[in-house]
Amino acid sequence: MSTALEPVVPHTVSRSSSGVKHRPEIDGLRALAILPILLHHCGVTALRGGFTGVDIFFVISGYLITGIIQAELAAGSFSLTSFYRRRIVRILPALTLMIVVVLALGCMILLPKPLRDLGRSAAATAAFGSNIYFYTTVDYFYSDLKPLVHTWSLAVEEQFYLLYPILLLALRGLERRRLVQVLMGITATSILTGLYYAVFDPGGGFYLLPARIWELLLGGLVALGVFPKLPQVVRTVAVWGALVVIVASVFAIRSTWPFPVPFAFPVAGSAALLIAYAPGTRAAGLLSLRPLRWIGLISYSLYIWHRPIIAFYLQGRSEIIGSADIAILVTLSFMAAILSYFLVERPALRCWRKGTGLMPHMIALGGLVTIAAAGLIIAKQAERIKHLPTDVTRVAGYLQFDKTPAGRAQYATGHCFHLPYTTPNDTACLQMASDRANVLLVGDSHAGQLSQELRRAIAPANMLQATAAGCRPTIQGKGLRSCRGIVIAALEEVDVSRLQGVVIAGRWFDTDRPLLIETIRRLQQRGARRIVVVGPMVEYSADFPDLLARSMLDHDFGRMKKAREADRRPLDEAMRRDVLATGARYVSHFDIECPGGRCRLFTADGGPIHIDHSHLTPLASIPVAQAIAREISR
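The rules behind these values
- Residues numbered from 1 in each chain as written.
- Predicted model: local features only at pLDDT ≥ 70, side-chain atom pairs only at ≥ 80, totals over all residues.
- Heavy atoms only, no water.
- Helix = DSSP H or I, 4+ residues; strand = E, 2+ residues; numbered from the N terminus.
- Buried < 20%, exposed > 50% of the residue type's maximum accessible area, 1.4 Å probe, protein only.
- Contact = heavy atoms within 4.5 Å.
- Lys, Arg positive; Asp, Glu negative; His and termini not counted.
- Charge placed at Lys NZ, Arg CZ, Asp CG, Glu CD.
- Patch = residues over 30% accessible without salt bridge, like charges linked within 9 Å, V, L, I, M, F, W, Y side chains within 5 Å.
- Areas by Shrake-Rupley, 256 points an atom, 1.4 Å probe, with all protein chains shown as cover.
- Salt bridge = Lys/Arg side-chain N within 4 Å of Asp/Glu carboxyl O.
- Phe/Tyr/Trp six-rings, centres within 6.5 Å; stacked < 30°, edge-to-face > 60°.
- Core = buried A, V, L, I, M, F, W, Y, C linked by side-chain atoms within 4.5 Å.
- Pairing = 2+ DSSP bridges.
- Axes fitted to C-alpha atoms, helices over the stretch in contact; angles between N-to-C directions.
- Disulfide = S-S within 2.5 Å.
- Right-handed = clockwise from strand over helix to strand, strands pointing away.
- Expected span 1.5 Å × (residues − 1).

Colleague: Before we go on, may I ask you to explain the overall build of the chain in this structure?
Modeller: Secondary structure summary: the chain contains 28 helices and 6 strands in total. If you line up the chain on its principal axes, its C-alpha atoms span 85 × 55 × 40 Å. Burial analysis of the chain (634 residues in total) assigns 56% to the buried set. Intrachain contacts of the chain at a sequence separation of at least 6 include 79% that bridge at least 24 residues. Here the chain contributes 65 positive and 44 negative side-chain charges, whose respective centroids are spaced 6 Å apart.

Quick look at the structure:
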């Protein structure tokens, strides 16, 4: 039950009780890993690949644990009970306190749906399964308000270390060469599994153990001496090159790239090179500097506390983090980490690390069961714990609406609205009817949200739908191959001359304007009679139902105006001019949602206009669909 962030050996002596030499440069390497993670999560947008610090931690942890186990096996002193005791004492005290504090704050701060999710994630964390829970519920890169989402990496290691010591114990009779072959075989299998996930299920590759084993075993192979000895000059070049690659990766790697296979290779490989070849080089001296070593010492506490601090700080606020917010979040994270390290981590190690008794195991089991039970109770009783007035409950109930059956029906999800790495759209979605008029709807989720109501608005006409999440609805544009295929099939393969109208909608940006005009002209050349472009959405910098519910509770709606994205109105006006100049028709969300410059917040039944930052609720989509239908018919 280790974590990628734990300093497995004491830092005040040169050698641990297990006989593994302490290497101060590894403390500095931990700092090199945790700082990008912290800054990336705190809003430093330049560090787009800051999340790769976790991959460094995996390699470090695999190296240290393998070295400790192998040393104890060689000395005949290895004990599974002692191994798990050390992991328990090292990991659980600070983690348990963090979860308890998070649950308490969640009961006071969160709305019912997020509180229910928090309770479930706390139970999953206590069961060492939070990576599986978050894999099934949330995209890691859109989860700033999830206080426990970062525990996925702890779960990966906890699962690995429940099995890895048993494997090494079972293979203890093998000679080193055979052991290395077995571990390399497992490493290769994990990489192949990661390649499969990269193609078919990137979320699974990111969160789940099978695609991460190779990173931990890469560190283990370093500990087993697989990396060959090199001349000093070559070692120096290798370690400085590794440092450059790590720093470059933090700036260059994108969250949309398949991960960890193949784009974790540079970071994980560089971490392994540093561990293998840094001793005796100036790079080791750099990593051994006191400030870096000090950050490395508190890196575990810094990791477990920073994400809850960010999540609670952003509740009811804009999720666009400014420089002042960054300074506050970094300061709070370091303060929490220092307190946790000196008041929890070190005392626990002094009191419990040594010994042969089972008391730590029993306390750990009892604590985990208690946390899991508390989390499940909170999840079940979330509506009672955070009781809201009826009108506020109606608004808050639209959080995560798109994942409900009604939300899926609104978009035709799984049928004519394609989500990344899911089955292709039904071919029937682009079939024309011979006995009535046909209308084509093409675009991303901002088009998909109109699906249900547009079908009703244009009836009895038949609607063809080609919509895919995150895909530019233009002939030239960015997007995954699967979604681009859907858009191109609609715009270039459908006989648009037989259509009554083509409706194009998307999450527009200023850079899309020339591509959109080119697309309109191409469609007109192919015989399209009526082309209707739906302009940019009114957008907010946080989840609309959460903001609106909190505004209702506080009787202060000023935050709604502050959270409204100011750059969308000028884009709407520019797009209107561009589109009308081509002879196409234009429907403005701003004209419908913000008549006279005053943006509506509620639908006729008291529900919110939006379900998240921008997407409409079903009732709010009706006037937009009707406006489109009028443009098609006139």
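Colleague: Would you mind showing me how to read a nonpolar patch on the surface here?
Modeller: On the surface, a nonpolar cluster with roughly 510 Å² of combined accessible area is contributed by W352, L358, M359, M362 and I363. The dominant element in the nonpolar patch, judged by the number of residues it contributes, is helix α16 (residues 359–380), at 3 residues. Relative to the assigned elements, L358 resides in the loop between α15 (323–352) and α16.

Colleague: Explain the packing of aromatic side chains to me, please; I cannot follow it from the model alone.
Modeller: Two aromatic rings, taken as a pair, are described by how far apart their centres are and by the angle between their planes. By the definition in use, this model includes 28 aromatic pairs. Arranged with centres 6.3 Å apart and planes meeting at 5 degrees, the rings of W294 and F334 form a pair that is stacked. Note that W294 is positioned in helix α13 (residues 290–297) and F334 in helix α15, a separation of 40 residues in sequence. A relative accessible area of 36% means that W294 is categorised as partly exposed. Residues F557 and F602 carry aromatic rings whose centres are separated by 6.5 Å and whose planes lie at 70 degrees to one another, so their mutual orientation is edge-to-face.

Colleague: Sorry, what's going on with the side chain of S541 here?
Modeller: Looking at the element boundaries, S541 is found in the loop between β5 (531–534) and α24 (544–554). A residue is classified by how much of its surface remains accessible, and S541, at 5% relative accessible area, is buried.

Colleague: Even after reading the chapter, I still don't get the nonpolar core, so can you show me in this structure?
Modeller: As a rule of thumb, soluble globular proteins bury nonpolar side chains together. Residues W152 and Y207 are the most contacted members of the largest nonpolar core, which totals 118 residues. Beyond its immediate sequence surroundings of up to four residues, W152 is in contact with V54, F58, S130, N131, Y140, F206, Y207, R212 and Y303. Formed by 43 residues, the second largest nonpolar core is a distinct cluster that contains V392, I458, L547 and A627.

Colleague: I tried to follow the pattern of salt bridges on my own but got confused; where do I start?
Modeller: A pair can form between side chains of opposite charge whenever their charged atoms are brought close. For the coordinates displayed, the defined rule picks out 25 salt bridges. Salt-bridge contacts for D554 lead to R559; the nearest nitrogen and oxygen are separated by 2.5 Å. Exposure remark for D554: the relative accessible area of 46% places this residue in the partly exposed category. R576 is paired through a salt bridge with D572; the nearest N and O atoms lie 3.5 Å apart. Placement of the pair is R576 and D572 together in helix α26 (residues 568–581), with a separation of 4 residues, close to one helical turn. A residue is classified by how much of its surface remains accessible, and R576, at 26% relative accessible area, is partly exposed.

Colleague: Explain the sheet that holds strand β4 (residues 501–505) here, please?
Modeller: The strands making up a sheet associate through hydrogen bonds between their backbones, and the pairing can be parallel or antiparallel. Taken together, 6 strands build an open sheet; the order of strands is β1-β3-β2-β4-β5-β6 and the sheet is parallel. Among the strands making up the open sheet, the edge pair consists of β1 (417–418) and β6 (585–587). Relative to strand β3 (residues 462–468), strand β2 (residues 438–443) is paired through 6 bridges, and the arrangement is parallel. Looking across to β3, one finds that L441 is bridged to Q465. Relative to the sheet, helix α23 (residues 513–525) contacts β4 and β5, its axis offset from that of β5 by approximately 160 degrees. Lying over the sheet, helix α28 (residues 618–633) contacts β2, β4, β5 and β6, oriented at roughly 165 degrees with respect to β6.

Colleague: Honestly, the state of the cysteines in this entry has me stumped. Any pointers?
Modeller: Linking two cysteines covalently through their sulfur atoms gives a disulfide. Across all of its chains, the model carries 2 disulfides by this definition. The disulfide partner of C416 is C429, and the S-S distance across this bridge is 1.9 Å. Here the disulfide of C416 and C429 is left-handed, its torsion about the S-S bond being about -90 degrees. Taken as a pair, C416 in the loop between α19 (405–411) and β1 and C429 in the loop between β1 and β2 lie far apart in primary sequence, 13 residues in all.

Colleague: I tried to follow the pairing of β4 on my own but got confused; where do I start?
Modeller: Along any regular strand the residues' side chains alternate between the sheet's two faces. Burial analysis of β4 places 5 of its 5 residues in the buried class, which makes it a mostly covered element. Taken together, β4, α23 and β5 constitute a β-α-β crossover, and its handedness is right-handed.

Colleague: Where do I start with helix α1 (residues 24–41) in this structure?
Modeller: Every α-helix winds through 3.6 residues per turn, so residues three or four apart in the chain are directed the same way. A rise of 1.5 Å per residue sets the reference length of α1, with its 18 residues, at 26 Å; its end C-alpha atoms lie 26 Å apart and thus fit the reference within 8%. Burial analysis of α1 places 14 of its 18 residues in the buried class, the great majority of the element.

In short, geometric facts, not functional conclusions.
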